[in-house]
Each structure stands twice: as structure tokens, then as C-alpha cells.
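Descriptive structure summary
What follows is each chain in one-letter form.
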There are 2 protein chains.
Amino acid sequence: MGRVRLVEVARAAGVHPATASRALNPGARDEVNPRTVQRVVRAAEQLGYVPNTLARGLRTSRSFVAALVIPDITNSLFPPIVRGAEQVLSGAGFTLVLTDTNNDPDLERGQVSSMRAHGVDGFIIATARWQDPLLDELAKSAVPVVLVNRRSADAALPFVGGDDQRGVRLSVDHLVAHGHRSIVHLAGPADTSTGRERATAFRAAMREHGLPVRSSVIECASYSEQAGAAAAQRMLRSGRPFTAIVAGNDLLALGAMEVLGAAGRRCPEDYSITGFNDLPFMRKLTPPLTTVQVPLTDMGAVAARTLLDWIGKPDSVRTTQTLLPVELVVRGTTGPAT
Amino acid sequence: MGRVRLVEVARAAGVHPATASRALNPGARDEVNPRTVQRVVRAAEQLGYVPNTLARGLRTSRSFVAALVIPDITNSLFPPIVRGAEQVLSGAGFTLVLTDTNNDPDLERGQVSSMRAHGVDGFIIATARWQDPLLDELAKSAVPVVLVNRRSADAALPFVGGDDQRGVRLSVDHLVAHGHRSIVHLAGPADTSTGRERATAFRAAMREHGLPVRSSVIECASYSEQAGAAAAQRMLRSGRPFTAIVAGNDLLALGAMEVLGAAGRRCPEDYSITGFNDLPFMRKLTPPLTTVQVPLTDMGAVAARTLLDWIGKPDSVRTTQTLLPVELVVRGTTGPAT
DNA sequence: GTCGTTGTCACAATCGATTGCGGTCGAGCA
DNA sequence: TGCTCGACCGCAATCGATTGTGACAACGAC
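Rules used in this analysis
Sequence order sets the numbering: in each chain, residues are counted from 1 along the sequence as written. A letter from A marks each chain and a number from 1 marks each ligand, given out in the order of writing. Per-residue local features of the predicted model are confined to residues with pLDDT of at least 70, and side-chain atom pairs are confined, for both listing and counting, to 80 or more; whole-chain, interface and lining totals are unaffected and use all residues. Values shown for side chains rest on all heavy atoms present in the structure; no hydrogens or waters enter the calculation. Secondary structure is summarised from DSSP: a helix means a run of H or I of at least four residues, a strand means a run of E of at least two, and numbering begins at the N terminus for each. Put simply, the radius of gyration uses C-alpha atoms, and a globule should come to 2.2 Å times the residue count raised to 0.38. Working definition: with a 1.4 Å probe on protein chains only, accessible area under 20% of the residue-type maximum means buried, over 50% means exposed, and in between means partly exposed. The contact rule is simple, with two residues in contact once any of their heavy atoms fall within 4.5 Å. The protein chains shown are the only cover counted for residues, whose accessible areas, like all others here, come from Shrake-Rupley with a 1.4 Å probe. Within this scheme the basic residues Lys and Arg register as positive and the acidic residues Asp and Glu register as negative, but His and the chain ends are omitted. Charge placement uses NZ in Lys and CZ in Arg. For Asp and Glu, CG and CD serve respectively. A cutoff of 4 Å decides nearness: a residue is near a molecule or strand if any of its heavy atoms lies inside that distance of it. Residues adjacent in sequence count toward polar contacts only when both atoms are side-chain atoms; beyond that, a polar contact is any pair of N or O atoms within 3.5 Å, and within protein one must be able to donate a hydrogen and the other to accept it. Basically, the charged four are Asp, Glu, Lys and Arg, the nonpolar ten are Ala, Val, Leu, Ile, Met, Phe, Trp, Tyr, Cys and Pro, and anything else, Gly included, counts as polar. Copies are brought into register by a least-squares superposition over C-alpha atoms of residues with pLDDT of at least 70 in both. When two parts are put together, the accessible area they lose, computed with a 1.4 Å probe and summed over both, is reported as buried area. Definition used for salt bridges: Asp or Glu carboxyl oxygen within 4 Å of a side-chain nitrogen of Lys or Arg. Pairing of aromatic side chains here covers Phe, Tyr and the six-membered ring of Trp, requires ring centres within 6.5 Å, and sorts the geometry by plane angle: under 30 degrees stacked, over 60 edge-to-face, intermediate tilted. Consider the ring centre and the ring normal. A charge sits over the ring if Lys NZ or Arg CZ is within 6 Å of that centre and within 35 degrees of that normal.

Observations concerning the overall build of chain A
In terms of regular secondary structure, chain A is built from 12 helices and 12 strands. Against the 2.2 N^0.38 benchmark of 20 Å for 338 residues, chain A shows a C-alpha radius of gyration of 25 Å, more extended than a compact globule. Expressed as lengths along the three principal axes of its C-alpha atoms, the size of chain A is roughly 85 × 40 × 30 Å. Of all 338 residues assigned to chain A, the portion counted as buried reaches 56%. The contacts in chain A between residues at least 6 apart in sequence include a share of 70% that link residues at least 24 apart. Looking at chain A as shown, the accessible area adds up to about 14,400 Å², and 51% of this sits on carbon and sulfur atoms. Averaged over its 37 positive side-chain charges, chain A has a centre that lies 4 Å from the centre of its 32 negative ones.

Printed below as a string of C-alpha cells:
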């Protein structure tokens, strides 16, 4: 614990604690004689004074702590976001508390309220579901909240994500340019904005190319390899022909490839497939995965900055929707239609 | 913020705040009439009372916050550790604050002292270097600290890690059993315990098999693909023959394979290689990586429990060294020596 | 009937820093 | 000389909870 207290610094400098506080506080420093400031600062340094954040927070109701709520940190999608946010936050003197909800809304609710009790100054939330009562509550409260990666249907909160529409369109365009016409979309869960919006974008892109949309979207229960595998199994059983797949994310693509490979379908000879997010190691696979690269670290960083803005001036507009540019990285899993 | 305060609960229940506090606090609850406890508890529920952790912490100097210090969260090694720790901690009513030091000791020092100012109850540190003045300081202070994954030369602190010795021995045994005799070790940096101890274990295992050790250990500057690639380049340039590599971790293995592949060396036909840690997707590579599986989630969980023990009873022995069992997962990158 | 005990609870101090308000002192001006 | 004004700093309240100490009543024992 910060053993030395403000009183001791004050005593060492021969002033009242109040004066010491002001001298140490850039905001109130000009109410104090520069020479006194010098003395106090020197004393503080000499004693190794570190202010007690709890006491300060208690008094000022500012804790310089921001909470980051993540569904599952072991999903490689999130660490870069965490890192981006952490760097911006700690650069601004903020501390990051992380909570992993394990995809459990009840757990999440408890953790968020516990964080509020801890007096965090704001939240970055990466667990938004399409219908999310918790977010509605938060939106009504005064706490600054920024959504990242996923957004919610109606909560009026700022959001920072990737340009999903463009990502999907790029994928479809790429496949169509290679002559594919029977394209299937493995959609993420409908209770996530990414699942819904990527599916919508897929349908729009298909229509623009004059391609049939009917029953070419398969919804997956979750963003996981298992769900992708299950979807691929459904595709095989249905017997419906296809030459290309636009997967809702990399994990779904991986799961599908596993099943299709076991069924004797070779990629990219027999079918093409694209992913989304470009997780680490995707370029190391055989064949390396063609996928949409999303600037995840930036996403975290921008979300953090947005949060800091809000915390800084609480009256600013608080519903900016930031879409970060994405890019299609063409690698080995896509090729000409046969 | 927890809008409703203890005073209001007390007023609603018709008692003094002190009594309300005791009624709400399991430890002191038996100093209060059960009927009164009932009234207070009910009032608290009705008003949705959430205690202000800052105020409580200020008074009790317990914050129920633990800090986890990580060198780089985007390294897939760490998320499982984080997750394991988070689950144990939050299960015990603790909050996890995460700090990513970006492998920068100065940054780390600042962050740790900032955390101390925040009054965290303890640290789990995954950034230990072999010579680590910061850890020596911490060991001398009263703060509970647990080292995870890496340990320090002399800091007398509890440690939770994998059984590196056994992991390396299993790898060497496996390779020798396949007839390999020219085996090279790509060692991690010597300022990490894992780097040193795996190298030591490698030498010991080689000696036991009566194999030459001289100049068969190449130290890498960091645990990264680049460093692995650089090491492989050195190996090629040296012209020294080898048929197998024991890499200090998976990333080194990946980097080496890239360079060796580009040089026309096929795996596992021309050479065998093993990794360490079994990061996600390692089984998805072609060929899938033979590697040592370390129970990372458990590691985080055990570290957290160790920390909680220490926090719970500060007088307990505080230098337990826990080595979690590891396992060699034989996949496609190892085969018979040619 | 008085005294001591026990059970309940109220009072007030405390944790460490911040901040509104007011006091002091010297300079400047009439 | 006397008065005002501003710069500088001290006093004390405050944030919200915890906790040592003591008040008070009921009760049993002598």
C-alpha cells in the first residue's frame, strides 16, 4: 500500500495537507505559490508519495478505472481488442479491469453491477446481444458505455466495430469474380449484430449480382468450430449443390472445412471458402484461409478513446457509430469455380 | 454508481448505520438481533443497496481486487491463464484487473505501483524475468504475489508453472525413440526461467541418452516466430547436420519451420520438430505440430487459488512451487530419422 | 431489592484525500 | 494613514462505510 500519506508530505514541506493536495493537483496548482509547489513536489518525490486512489475516488467519485467486458478471452478475436484498449487507457492514466463473462448473461449482469460498485468510470462492452436488457438499463443510467465489435438493436450507445457490410460484399464479389454462383452463407447467431448484419449484407450482395438468395443462408448457433461443423453437415445432408461458402467468421470456416474435408471435398479445388476476422495463424493453415481482415487492435483503441471522450465531457454526443475499414485478404482457400 | 447508501438502508430499517453495517456483514451479523437483521436485509434488497467498494476498501484496506500482470495478451499463451485466474477470482468475489506490460519492464514498474496505489490485494505476475529487481522489491513488501508460468532466480515467491523438465524430457525421449541422434534445441531467452530450465533439461536428457550436447543449443532472443526463423537461418548457415529440433515453444517452432520449408527441408520427412505449450490451432497446421501440452487454464486457476490462500491467511508458507503435469501430444511433425 | 451479566444497538472516530469558505498579510492606491 | 484587493494558505466538512466503546434495558442470581 502507498505507505506514505499526504499528511506526511505536507508535514515535510511544512504546509497544511490541503495545500499539499492543491500543489500536487495540476488543476488547482495555480492557487498555490510556485515556491510552495516546488517544496511540496520535492517532498513528495523524496518520500515516494503515491496517492491513495481509493480515498481520492471516494471523494471525487472518479476512479480512473474502466471495465472491459468480454465474452471469452480465449477466443483469439478478443485479445487484440483488449490490448488496443489497454494501451490507450493506460496511456491516459486509466486502469483496465477485465471481466470474462463466459458467454453467460447472468454472470455478466452480476459482474457489471459489481464493477459499478467499484466505481468504475465507464464500460467497454464486447458482449452485446441484439436484444440486451442490460444494455438498455446501462444506456438509461449515467455511466459511460461504449460497445465494441457487436452492437445492440436499440440501446443508444456509441459503437465501434468493423465494416461488416463491406467485408461481406468484398467476399461475395471475389467469389463471383471467380465464377462462383452457388454460394452459401454460414451466418453467425441471430442474437449478435455481426450475425444479423453479415447475413443481411450477404443477401444484398447476392441480389446485386442477380444470384438466388433463397435458403442459401444457414444460421449457426454460435461462433465456434463445432457450429461450423454442424452447419457443414447440414449442407451435405441437404444435397443442395454449392461451390463456395462465405463463413460468418474464421471459426465457422474452420469447422466447415474439417467436415467437408472428411467428406472428401478438397479446398480450393472442389469448393472455395472465406472467413472473417483473420485470427492469428489463419495464414499458417493449409491452404491458408482467405478472410476479411479486421483492425482489431484499432477497434479496441478507438473504443477506449471514445470512452475517454465521453468520460471527459459528459455532454458530448454519445451515439457515434464508428465503422473501421476492413480488407479482404485473398489466400489459398478461394479459387475458380469448377 | 451505487446510488443508495448505507444510511438510507439504515433509515428505512429504522436503525443506526452502524447496526445496518453489522447486519449486512456476515462476520459481525451475530452481534445483531436476528429480527433486526431481517429488517435490514429486506430494506437493503428493496432499495437495491450495493455497498460502495471504495469506501469499504478505504476503511478496511481490503479491496477484493487482484492484479494480473501479463507481457502480451495477444500471445495465445496467456488468454487461457487469464481465464483460469478470472474464474477462480470472480468466484471468490474478487475482481481482476489486467495489465499488459508490452514486455517493457519500465512500463511494468509503473503499472505495478499504480495498482498498489489502487489498493489491490495481490498480484499474479506472468512477466517474471530471471533477474528481476521489481520482484525482489515486491517479495520484501507485504503484498501477496504469485508468479505464474515464469519464475525468478531468487525472489522467494510462490510459483505455479508447467513441468518444463518433464516436457522436454518427453520430447527428447520421443525423438530418440524414433532414431534421432542429432537434435538441436531452440532455447528461449536466458532471462526467462522457462528458457533456462528447458535448456538445462534438454542437456540433461541428451546426456542421459549418451548424446553430444556441445553447441546443440541455440538461444533465441525472444519467444517469437521471428526469433525462431532467425535461429533456423543460423542453423542452416552453420552447415551443422541435424535431424530433429526441440523448440523452446510453439512460436519458435513455427518460425523455424517457415525458414526450413523455404530452404526445401520437408517436415517430417527431412527433419522432426517439437513445440511447447500447444497453442490453439497447432493441431490445424499441416503437418499438425507435435508439442507439449501445458494445462494453461489450470495454471491460472491454481495461481489464483494460491494468491487467495495467501490473502486469506497472511502467515501461511508463501513459497510453494507448484508444477502442473504436462503431456507430449504426438502429431505430424515428428517421425523416424532418415 | 440490588448488583452483575448479557444482548442490542447508538455514538463517534476513522480510513486518506479533496474542496468551499474564510482568514491573513502585504501591496497598491487615495 | 487607512482601506481595498488579491494572492496564498489553513480550517473543517465531506465522500461512505467499518468498528471500538459505551449506554441502556431485561433478566437472573444473591
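Once you've had a look at it, read on.
Quick word on the protein's contact with DNA strand D
Neighbouring residues of DNA strand D: 25 residues in total, closest A:Thr19, A:Arg22, A:Thr36, B:Leu6 and B:Arg59. In the interface set of DNA strand D, defined as its atoms within 4 Å of the protein, sugar plus phosphate atoms amount to 61%. Within the backbone of B:Leu6, an N or O atom sits 2.4 Å from a phosphate oxygen of DNA strand D. One of the side-chain N or O atoms of B:Ser21 is found 2.7 Å from a phosphate oxygen in DNA strand D. No other element matches helix α4 (residues 53–60) of chain B, which puts five residues into the surface near DNA strand D. Class assignment for the residues of the surface near DNA strand D results in 10 nonpolar, eight polar and seven charged.

Thoughts on the relation of the copies chain A and chain B
Superposition of chain A onto chain B requires a rotation of 180° combined with a translation of 0.1 Å along the rotation axis, giving an RMSD of 0.1 Å. Taken together, these values place the two copies in the relation of a two-fold axis. Minimal C-alpha distance to the rotation axis in chain A is attained by A:Val97, lying at 2.0 Å. Here 100% of the contact residues of chain A are again contact residues in chain B; the copies associate through an equivalent surface.

Things to note about the interface of chain A and chain B
Across the contact, 51 residues belong to chain A and 51 residues belong to chain B. Summed over both sides, the interface of chain A with chain B buries roughly 4,100 Å², with 60% coming from carbon and sulfur. Three residues stand out in chain A for area buried against chain B, namely A:Leu54, A:Arg83 and A:Phe281, and they jointly supply 17% of the buried area on that side. The tally of links between chain A and chain B comes to 10 salt bridges. Measuring nitrogen to oxygen at the nearest pair gives 3.6 Å for the salt bridge that ties B:Arg283 to A:Glu225. Applying the counting criterion to the chain A and chain B interface returns 18 residue pairs in polar contact (both at pLDDT 80 or more). Where the side of chain A that touches chain B is concerned, the elements lending two or more residues are α4 (53–60), α5 (78–91), β2 (95–100), α6 (105–117) and α11 (250–262) of chain A. Top element by residues in the side of chain A that touches chain B is α5(A). It accounts for seven residues. Per-class residue counts for the side of chain A that touches chain B are 25 nonpolar, 17 polar and nine charged.

A few points about the protein's contact with DNA strand C
The environment of DNA strand C is made up of 24 residues, and the closest members are A:Leu6, A:Arg59, B:His16, B:Thr19 and B:Thr36. Here a phosphate oxygen of DNA strand C and a backbone polar atom of A:Leu6 are 2.5 Å apart. Between A:Asn52 and DNA strand C, the recorded distance is 3.5 Å, taken from a backbone N or O atom to a phosphate oxygen. Those elements that provide at least two residues to the surface near DNA strand C are α2 (17–24) and α4 of chain A together with α2 (17–24) and α4 of chain B. Considering every element that reaches the surface near DNA strand C, the biggest residue donor is α4(A), with five residues. For the surface near DNA strand C, the per-class residue count stands at 10 nonpolar, eight polar and six charged.

Focus on the packing of aromatic side chains
Summed over all chains, the structure comprises three aromatic pairs over all chains. Seen in terms of ring centroids, A:Phe242 and A:Tyr271 are 6.5 Å apart; in terms of plane orientation they differ by 70°. Their pairing is edge-to-face. Of this pair, A:Phe242 sits in the loop between α10 (225–238) and β8 (244–247) while A:Tyr271 sits in the loop between α11 and β9 (272–277), placing them 29 residues apart in sequence. Of the two residues examined, A:Phe242 and A:Tyr271, each falls in the buried class. Here the guanidinium or amino end of A:Arg198 rests over the ring plane of A:Phe276, the centre of that ring lying 3.8 Å away. Over the aromatic face of B:Phe64 sits the side chain of B:Arg62, whose NZ or CZ is 4.9 Å from the ring centroid.

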